[in-house]
Each structure stands twice: as C-alpha cells, then as structure tokens.
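Descriptive analysis of the structure
Residues per chain, in single letters:
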Amino acid sequence: MKKVTFALAALLICLSASAADLFKGCRYQGIGKIQGQPIDAWVNMTVDDGDLEFNMANTFDFAAEYTVSGTGDNATMSVKMPGSGTVPLKTADGGSSITGSFTRLGQKIDLWLLRIPTQLTPSTLPASELDGIVGSSDGYTSFVTIKLPNGQEMCATSDFILSAADHSFKMTCDSPAMQKIFGTMQGSYQVNGSNLVLTDATGKTSSGEICDNGNYIKIPMGSAQGMTLNLVLIR
C-alpha cells in the first residue's frame, strides 16, 4: 500500500509541474474588453515562477501570486488580483492563449491574451526565407494599440490580410471609430532585411521589425488626433 501511495503522490506532483510549466516564463499580450466601451484596454502580462506582472491600459498595474490547477492542454491559473479576489485565467490550447473575466470598479472585463516571444529579437533569417514565412497562409492576429495623451494604452482589433500572391495587404478595423481614422488601409508590402514595410494606396510607408522569425511584428503607424498608434501582428 505504501508503494502505491508513494507512486500516486509522485504522479500528482509530476502532473502539477506539467500544468505550471504551461505558464512559467511566458509573456502575453492582448485585450481587456470592457463591456459597453467602444475600444478595449491593451494588456501585457509576464509570468514567472509562482508570480506574475500584469498591466492593463497603464492604469491597472500590479504584481501578484498565482497557482495552477489542471493538466495537459487545459489548465487554470488562479490569480490574486487586487480588488477582485482570486480570478481564474484559463487555457484550452496548452498556454498559447488565455481567457478570463473579472470585475473592476463595477465594470466587467473579459480578457483574451495571446502568448508572445519572451524576448522580441529581430529575425536573422535571410529576407527571401522570411518573406515566405510572413506571407504564409497561417496569417496573423492583429491589434491596433492606441496610446492616449494621458498615457493610457487602449486597443482595437482588426482584420489584417497579407497576400503572398501579389504582396498586397489590407486592414479593416473592428471598431468603426478606428476605421474612420484609418479609412480602408490597403496597399503593398515587402520584407526588407528584418523589417516589414507597408506602403498604402497614397504612397505612405510604415515599417516595423519582424521578431522571432515572423511570429511577432510591431509597426509604428504614426499619430492621429493626439493618439500614438501601433500595429501589432501576432502568430
């Protein structure tokens, strides 16, 4: 009986460690969708061993402890969130994405976060190889981050398509207000070294570094109405 008990305890320890490893050392970005608001809050989260750093919109910034339950692809990170108690953040894809909800200042906020490279290092692949990766059919999840004059950082999701066939791109924002700023943004693209260069229909160019061999791209998009805009592409 002692051998059976010991074996079971060892198995449970291994399973617990496996679940914890889904999040440990990971970095996430994504949105905090505030019900009733036209745009979302931009969220950054970095996970260490048993604690994490969380920043939403540069207004809700804290460090907290967390515990993990569940195994395999399905695990839950329970976070001690200031003012909201213990909040469960769940994954169903091995930690590639995280979802959860919490209430802050009377508002419900739904989180959707995507895992990104821990170190955003520019790609060292040849431009010809990187060009094929960027234009592959895997596509990107795209966000337009919006830095407001008061320092808050918000976000709007968008539909962004790169077509390898003719090296064209098109972006359509989900937010009507942001779409009004950008209009129908479309044009051509090229990979120049480790940069993705976009040229819109008016001839204006924007360029940003391609990191982690094509899995993360951030392109400064200039300013509009006192807001600083960036396009973030995550694969």
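Everything in this summary refers to the structure shown in the same document. (Residues numbered from 1 in each chain as written. Predicted model: local features only at pLDDT ≥ 70, side-chain atom pairs only at ≥ 80, totals over all residues. Heavy atoms only, no water.)

1. Observations concerning the overall build of the chain
Let me state the cut-off plainly: Note on conventions: DSSP H or I runs of at least 4 residues are helices, E runs of at least 2 residues are strands, and numbering of each starts at the N terminus. Accessibility here uses a 1.4 Å probe with only protein chains present; expressed as a share of the type maximum, an area under 20% marks a residue as buried, one over 50% as exposed, and anything in between as partly exposed. The contact criterion used throughout is that any non-hydrogen atoms of two residues lie within 4.5 Å. Every accessible area reported is derived by Shrake-Rupley at a probe size of 1.4 Å, with residue values counting cover from the shown protein chains alone. Working convention for charge: Lys and Arg count positive, Asp and Glu count negative, and His plus the chain ends are omitted. Lys charges are placed at NZ, Arg charges at CZ, Asp charges at CG and Glu charges at CD.
Scanning the chain from terminus to terminus reveals three helices and 16 strands. Once the C-alpha set of the chain is aligned to its principal axes, its extents read approximately 75 × 45 × 20 Å. Within the chain, the proportion of its 235 residues that are buried is 40%. Pairs at least 24 residues apart make up 43% of the contacts formed inside the chain by residues separated by at least 6 positions. Approximately 11900 Å² of the chain is accessible, and the part contributed by carbon and sulfur atoms is 52%. Charge centroids of the chain, computed over 16 positive and 21 negative side chains, lie 7 Å from each other.

2. Concerning the packing of aromatic side chains
Stated formally: Two rings from Phe, Tyr or Trp (for Trp, the six-membered ring) form a pair when their centres sit within 6.5 Å of each other. Planes less than 30 degrees apart are called stacked, planes more than 60 degrees apart edge-to-face, and all others tilted.
Scanning all chains against the criterion turns up seven aromatic pairs. The interplanar angle of 50° and the centroid separation of 6.0 Å between the aromatic rings of Trp-112 and Phe-143 together place this pair among those described as tilted. Taken as a pair, Trp-112 in strand β8 (residues 107-116) and Phe-143 in strand β9 (residues 141-147) lie far apart in primary sequence, 31 residues in all. Phe-143 gets classed as buried once you look at its relative accessible area, which sits at 0%.

3. A look at the environment of Phe-169
Structurally, the position occupied by Phe-169 is in strand β11 (residues 168-173). Judged by its relative accessible area of 2%, Phe-169 is buried. Linking Phe-169 and Leu-198, residues 29 residues apart in sequence, is a C-alpha distance of 7.9 Å. Setting aside chain neighbours within four positions, we find Phe-169 in contact with Phe-160, Ile-161, Leu-162, Met-185, Gln-186, Gly-187, Ser-188, Tyr-189, Leu-198, Thr-199 and Asp-200.

4. Some details on the pattern of salt bridges
As a reminder, the rule being used: Basic side-chain nitrogens of Lys or Arg form a salt bridge, by our definition, when they fall within 4 Å of a carboxyl oxygen of Asp or Glu.
Counting across every chain of the model gives four salt bridges. Put simply, Asp-40 and Lys-33 hold a salt bridge, and the shortest N to O gap is 3.2 Å. Lys-108 serves as the salt-bridge partner of Asp-110, at 3.9 Å between the closest nitrogen and oxygen.

5. Considering the pairing of strand β4 (residues 60-71)
For clarity, the threshold we go by: A strand pair is defined by DSSP finding two or more bridges across the two strands.
The sheet contact formed by strand β3 (residues 51-56) and β4 spans six bridges and is antiparallel. Across the sheet, the residue bridging to Asn-55 is Asp-61, located in β4. Where β3 folds back onto β4 in an antiparallel hairpin, the turn is made up of three residues, including Ala-57, whose phi is positive at roughly 65°. Across six bridges, β4 lies against strand β5 (residues 74-81) in antiparallel orientation. Its bridge partner lying in β5, Tyr-66 is registered against Val-79. Joining the antiparallel neighbours β4 and β5 is a turn of two residues, in which Gly-72 adopts a positive phi near 65°.

6. A few points about the nonpolar core
Buried together is how nonpolar side chains tend to be arranged in soluble globular proteins. Counted only if it meets this: By convention a nonpolar core is built from buried Ala, Val, Leu, Ile, Met, Phe, Trp, Tyr and Cys residues, the set being connected through side-chain atoms within 4.5 Å.
Among the nonpolar cores identified, the biggest contains 57 residues, and Met-45, Val-134 and Leu-196 are the most heavily contacted of them. Ignoring sequence-local partners within four residues, the contact set of Met-45 consists of Cys-26, Arg-27, Tyr-28, Leu-52, Glu-53, Phe-54, Met-77, Leu-89, Ile-98 and Leu-113.

7. Here we look at unusual backbone geometry
In the Ramachandran plot, His-167 falls in the positive-phi region, its phi being about 55° despite a non-glycine side chain. Note that His-167 resides in the loop between β10 (153-163) and β11. In this structure, Asp-212 is a non-glycine residue whose phi angle is positive, near 50°. Within the element layout of this structure, Asp-212 appears in the loop between β14 (205-211) and β15 (216-224).

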